[in-house]
Structures are given as C-alpha cells and as structure tokens.
Amino acid sequence: MDDSDDQRIETRAIHAGQDPDAETGALMTPIHANSTYQQDGPGEHRGYEYSRTGNPTRTDLESNLASLEGGAHGRAFSSGMGSINTVLNLLEAGDHVVTGDDVYGGTHRIFTQVYEQYDLSFDFVDTTDHDAVADAMREETALLWVETPTNPLMRVNDIGALADLADEYDALCAVDNTFATPYLQRPLEHGADIVSHSLTKYLGGHSDVVGGALVTDSEELDEQIGFYQNAVGATPSPFDCFLVLRGTKTLPVRMDRHCDNARELASWLEGHERVDRVYYPGLESHPQHELAAEQMDDFGGMLSFEVDGSLSQASDVVSETEVFTLAESLGGVESLIEQPAAMTHAAIPREERVAAGLADGLVRVSVGVEHVDDLKADLDRAFDAAF
Ligand SMILES: *Cc1c(COP(=O)(O)O)cnc(C)c1O
C-alpha cells in the first residue's frame, strides 16, 4: 500500500486492494463464496474465521474504498443504512446529534423512528447556517452528521467549518459522501472523522447492487466500527463486494462524464422557457457555488429544476421521458428522473415541503452517461407533451 499512496485516484480505483490472486494469478478478485475457514490448530487461523467477521473479497473492497477516500481503514456493509446504523452504534444513551434539516429521508427515519426510542436525541438545522449549528450544539452532542451536496436542492455544506465546530464540542463529525463520491470530494482531508457511503449509488454505479461503507483514519474508531460490523451483522455478500469492486474501477471515467453531462444540461435548463429555476452547484447562480468550487474537484451528476407549471404538469414531464427512466435512486450509468413532491419526499406534509423550498414542480435528475444531446432532446419532447 505504501507505493499506492503516491498514485492518483484513477490508478488507485483500479489497483488499490486488488493484487492478482497469489495462487492462480487471476487478475480479478475472486468471489469467495464461503462462510467458514479451515484452521491449522484450534484458534490458529490464517486471518479469516467466519465470513460475517471477515471475507477476502470484502477485504479487497474495504482496502479499495479506504484508498479512494484517502483513509487508513474501510468497512463495508450490506446497505448505506447499514453503515449509518453503525455510526449510531458508536453513541451512548443520552447522547445528542445535530444534522441537516434536508438530510436523506432514510437517515431522518433511522434517527427519529429507530434511535429516539433508545434515548438519543436529534436536532435538524440548516447546516449552511453555522450560527444555527453552533446554537444546536450542546455538551451532550456526540455527533454532527453532514451531507453535501444535499438532496434534492443540492445545498453545499462547508465540511472544514463544520468539522471544526464538532471538534469544539468533542463530537464526531461524519460526512455522507454518497452524492459527491471520493473522486470529487474527500471529507477526511477537511477534518471529518468518518465518511459514510451508500455504495448503491455512484460507487457501484450500475444500479445492480445495494451496499454501504464507512472509512476513517482513526484506528480506535475503526476498531469500534469493526466490532459493531461483526456484532450487528449487516455485512455484504462476497458477490455484492465483487460487483462494487467492478464499479469502483471505472468511477473516475464515469464521474467525468456524469459531471460534463450535468454541467451542460444544467446551463441548458437554466435558459429553457419551461424552467423556473435550476439547482446545480456548478452554476454561478448557485448560492454556494464558490464553496463548491473550493471543496469539490467538480460538481457531480445530480441536479434539480423547477418546472414553470403545476404539480400535474411536472408529473407529466417526468412521465413522458423515454431516455430518462422514471425512478428513485441515483448514481447509475443510466439517467433517472423523479418528482420529489410525489415520490422521494411525498411523506413530508405539503406545507412543510413548500416551506423547505421543495416546490410542487420540482424535478430531480440523476444525469447518466448517455450522449447529452439525446438527454436534451428527450426533455424537450417531455416538455412539449406536458404543456
Ligand atoms: C441512498 C442513500 C443512502 C442510503 O443508502 P442505501 O444503500 O439505500 O441503504 C444514504 N445516504 C444517501 C445520501 C443516499 O443517497
């Protein structure tokens, strides 16, 4: 691993944690479909005892992910929620958590509907407002959970400033880096303690696997995370680990195309007569464009826009596309389109939703790697059909 620390991320994506198989020379990491391991004598194992605790395919994936994030330790889970759950396992009854008021819906759900009953408490604030974050922090605050860019309005949070704030309160700062990926943003470099991922999205990249991961530089945190990974058991199958490894090899080339397509689509939509407003950190009109330019290497493949029309006209737009698939989730090579007010954010009461800036006509897009002209033509056709 020493040499690979100097290598660039494009090279590490392909090689980190993935040496050819020592016995056969097989280039690709074998899928170790296996639950238990022969021991040389009682307690004398060769690094593996039981596959919930450790599996060689998973080890390769964990090393690869740690390298991508520039961290010393990686741990893989059976879903992004499995990794988020593990961060909450690090807390104790009575602890307090501060997070964003536009945090991922599943994160909001596990915080309020699972962990409040175990005497953890949560405050949801606008994390772009550092005074609001400071006001919410208390002596019992043990975790500041940050997402950036956020969903679906693509707000950008200042990881360095928030990690400093967490430090002042001796709280952990964890960053959900699912939207940006380590190709565009490495939270550990900005002082975060833990990076969390849904591997289901860009890292897997092909809409064919569900997974999660945590990366940290701290040996002590990694030991605790490893304990809960094994004790709770939300571990990924060797086949799922193989699929994610297959995905991470092309992360840099895919992200380049995702970013190029999203940038071009965002500026095209900004000038479109049927569009009121576009939310994309790469646009100069984005309120945190400068922060995004400093913190990120490029602006990502996610964007949202407001259709200049009713809820039902926006529904028609997302139903009429043919290249964009109407679906939740994100981060695959294919473009997806959805209407937060009717889909991902429908559980939020309308008044609250509108107050939070989620207009009825808001449309969220996961821009894929197709030809951007086909994406534009598809949206134009959908606008024509809806109006
Ligand atoms: C999808 C997602 C998750 C949850 O991950 P799963 O793999 O679906 O469990 C967490 N955070 C963000 C930002 C996500 O997009």
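Remember, it's a predicted structure, so these values are computed and weren't measured experimentally.

Conventions and cut-offs
- Residues numbered from 1 in each chain as written.
- Predicted model: local features only at pLDDT ≥ 70, side-chain atom pairs only at ≥ 80, totals over all residues.
- Heavy atoms only, no water.
- Helix = DSSP H or I, 4+ residues; strand = E, 2+ residues; numbered from the N terminus.
- Expected span 1.5 Å × (residues − 1).
- Buried < 20%, exposed > 50% of the residue type's maximum accessible area, 1.4 Å probe, protein only.
- Near = heavy atom within 4 Å.
- Polar contact = N/O pair within 3.5 Å; in protein donor to acceptor, adjacent residues only side chain to side chain.
- Areas by Shrake-Rupley, 256 points an atom, 1.4 Å probe, with all protein chains shown as cover.
- 1 Å grid on protein atoms, 1.4 Å probe; cavity = no way out; pocket = protein on both sides within 12 Å on 5 of 7 lines; lining within 4 Å.
- Sits in = over half its atoms within 2 Å of the grid points.
- Phe/Tyr/Trp six-rings, centres within 6.5 Å; stacked < 30°, edge-to-face > 60°.
- pLDDT = per-residue confidence, 0-100.
- Pairing = 2+ DSSP bridges.
- Axes fitted to C-alpha atoms, helices over the stretch in contact; angles between N-to-C directions.
- Contact = heavy atoms within 4.5 Å.

Moving on, we get to helix α2 (residues 56–69). Over its 14 residues, α2 runs 20 Å from end to end, which matches the ideal 20 Å to within 8%, given 1.5 Å per residue. Most of α2 sits out of view: 12 of its 14 residues are buried. For α2, the complete set of buried residues consists of P56, T57, R58, D60, L61, E62, N64, L65, A66, S67, L68 and E69.

So, about the site of the ligand. Taken together, S79, G80, M81, I84, Y104, D176, T178, F179, S198, T200, K201 and G211 make up all the residues around the ligand. Within the side chain of K201, one N or O atom sits 2.8 Å away from an oxygen atom of the ligand. Burial of the ligand by the protein amounts to 91% of the accessible area it has alone, namely 380 Å². For the ligand, the cavity whose grid points lie within 2 Å of the majority of its atoms is the largest pocket. Broken down by element, the shell around the ligand gets its largest block of residues, three residues, from helix α3 (residues 80–89).

Applying the stated rule across the entire model yields eight aromatic pairs. Counting every residue linked through ring pairs, the aromatic cluster contains F111, F122, F124 and W145.

On average, residues of the chain score 96 in pLDDT, and 99% of them reach the 70 mark or higher. Predicted confidence in the chain is weakest over helix α13 (residues 350–355), with a mean pLDDT of 87, and strongest over strand β7 (residues 212–216), with 99.

Two strands in a sheet stick together by hydrogen bonds in their backbones, pointing the same way (parallel) or opposite ways (antiparallel). Reading across from one edge, β1-β7-β6-β5-β4-β2-β3 is the order of the seven strands in this open sheet, with mixed pairing throughout. The outermost strands of the open sheet, each flanked by one partner alone, are β1 (73–77) and β3 (121–125). Sheet twist, expressed as the average angle between the axes of neighbouring strands with direction ignored, equals 20 degrees. Relative to strand β4 (residues 141–147), strand β2 (residues 96–100) runs parallel, the two sharing four bridges. Across the sheet, the residue bridging to T99 is W145, located in β4. Across the face of the sheet, α2 comes into contact with β1, β6 (194–198) and β7 while running at roughly 125 degrees to β1. Here helix α6 (residues 159–168) sits on the sheet in contact with β4 and β5 (172–176), set at roughly 150 degrees to β5.

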